[in-house]
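Fold and contact review
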Amino acid sequence: LIDYQVNKYMNNLIQNYKIILKELTNTCKHITTNKQVRIPKMSDLELVALNITAEYMSINSELQLFRCISGTDLDGKIERSVYNKRKRKLFPYIEKIRQTLSNKFADFTDVFIVDSTPIEICKISRANRSAICATDEIKPSFGYCAAQKSRYFGYKLHAVCDKNGIFHSFDFSPANVHDVNYLNDVKENFQNCLLIGDRGYISKEIQMDLFNYSRINLSVPMRKNQHDFVEFSRMKSKIRKRIETNISQLCGQFTINTNFAKTFQGLATRIVSKITSFTMIQYLNFFVLKRSLNKLKINLC
């Protein structure tokens, strides 16, 4: 029975991989990567397709992934250590693929949501002696998550998605950086739209700057002790829940808070792979499989 379940899991992985690789070839074959003197057995696009498939199927460990592809057509195409090194170097390539996929949905709406979520790299008790990302330019720090009412050590992931749940932009910062600082990057990437946030983005100066610079209408709920308090629209509150659901799915199915990386580059590559996988499944659901956009746990094959 165990062997049957393992074989079934392996077959699902290969079938999902082939579906994802086919669509990546159709949509992203124009994206170029660095030229390689010796052509590898597994191309960059095939490697990214395998990476996206592993993230979609919640395979976090590369050891587990290579056990799953043992005895399949992918067996022997690449070594585990080479796979890890090449994946980190392909960070810009994976990000271009994510942007290409998200741009397919760019004309569907002009309503966007901004939010952040903690990326914990280790427990607070280990923070002072942790060597994870300690030598990187962007160093982790202590931060506080108001939603979870807890302190943590690591980074903060800032993201913007549209009201349908498609991620269009994201960035990292140390955990002690305030959410409102990310809006300075948002004004460069968006224009003529409605941007909905939570109370962490209250700033009249930045609100005016967003509108004057890019015609972005920032809408956030007011604090009850603010002058001329106005109740936040129920419709906007409902729309804002979309990004909260997305973050919940990233934490659940895509295990975004499970960290095996030792460097910031490795951590950033893991995060961008998970968000790209998230967007890839949404793309397949909408354009290929003709089903609900955000049903991410349904098998592709």
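Residues numbered from 1 in each chain as written. Predicted model: local features only at pLDDT ≥ 70, side-chain atom pairs only at ≥ 80, totals over all residues. Heavy atoms only, no water.

**Quick look at helix H5 (residues 91-103)**
Rules: Put simply, DSSP H or I for four residues or longer makes a helix, DSSP E for two residues or longer makes a strand, and each gets a number counted from the N terminus. Multiplying one less than the number of residues by 1.5 Å gives the expected span of a helix. Remark: exposure states derive from per-residue accessible area (1.4 Å probe, protein chains only) relative to the maximum for the residue type, with buried under 20%, exposed over 50%, and partly exposed in between.
Across its 13 residues, H5 extends 18 Å between first and last C-alpha, which sits within 8% of the 18 Å expected from 1.5 Å per residue. Of the positions making up H5, those classed as buried are Tyr93, Ile94, Glu95, Ile97, Arg98, Thr100, Leu101 and Ser102.

**What to know about the side chain of Thr53**
Threshold: Only heavy atoms enter the contact rule, under which two residues are in contact if any of them lie within 4.5 Å.
Here Thr53 shows up in helix H2 (residues 44-56). When residues no more than four places from it in sequence are discounted, the contact partners of Thr53 are Leu13, Asn16, Tyr17 and Ile20.

**Description of the pairing of strand S3 (residues 150-162)**
For the record, the criterion: Note: two strands are recorded as paired if DSSP finds a minimum of 2 bridges between them.
Taken across its 13 residues, S3 has 11 buried, putting it largely inside the fold. Note that strand S1 (residues 111-122) and S3 share 10 bridges and pair antiparallel. Following the sheet pairing, Pro118 is matched in S3 by Lys156. Both strand S2 (residues 141-145) and S3 contribute to a ladder of 5 bridges, which runs antiparallel. Paired with Gly143 across the two strands is Tyr152, which belongs to S3. Between S2 and S3, which pair antiparallel one after the other, the connecting turn spans 4 residues, and Lys149 there sits at a positive phi close to 55°. Pairing geometry for S3 and strand S4 (residues 167-174), over 7 bridges, is antiparallel. Opposite Val160, over in S4, you have Ser169 as the bridge partner.

**Quick look at the confidence of the model for the protein chain**
Where we set the bar: A score from 0 to 100, pLDDT tells how confident the predictor is in each residue.
Residues of the protein chain with pLDDT of at least 70 account for 96%, and the chain-wide mean is 91. The least confident element of the protein chain, judged by mean pLDDT, is helix H1 (residues 2-28) at 78; the most confident is strand S5 (residues 193-196) at 97. With pLDDT under 50 throughout, residues 1-6 is counted as low confidence; its partners more than four residues away or in other chains account for 0 contacts.

**Structural notes on the environment of His227**
To keep it simple, the criterion reads: The term polar contact refers here to a pair of N or O atoms within 3.5 Å; inside protein, the definition further demands a hydrogen-donor-capable atom paired with an acceptor-capable atom, and it admits residues adjacent in sequence only when both atoms are side-chain atoms.
With respect to the helices and strands, His227 occurs in the loop between strand S6 (216-219) and helix H8 (234-252). Its relative accessible area of 68% is what places His227 among the exposed residues. Among the polar contacts listed, one links the side chain of His227 to the side chain of Asp228, at a separation of 3.2 Å.

**Thoughts on the pairing of S1**
When you tally the buried positions in S1, you get 11 out of 12 residues, the bulk of the element. Both S1 and S5 contribute to a ladder of 3 bridges, which runs parallel. In the sheet register, Ile113 faces S5, and the bridge partner there is Ile196.

**What about the packing of aromatic side chains?**
Note the cut-off: Pairs were defined over the aromatic rings of Phe, Tyr and Trp, the Trp ring being its six-membered one, requiring ring centres within 6.5 Å. Orientation was assigned from the angle between planes: stacked under 30 degrees, edge-to-face over 60, tilted for the rest. Here, a charge over a ring means that NZ of Lys or CZ of Arg falls within 6 Å of the ring centre while also lying within 35 degrees of the ring normal.
Taken as a whole, this structure holds 14 aromatic pairs when the rule is applied. Through a chain of ring-to-ring contacts, the aromatic side chains of Phe105, Phe108, Tyr283, Phe286 and Phe287 assemble into a single cluster. A cation sits over an aromatic face here: Lys187 above Tyr213, 4.8 Å from the ring centre. The ring of Phe211 is capped by Arg215, whose NZ or CZ atom sits 5.0 Å from the centre of that ring.

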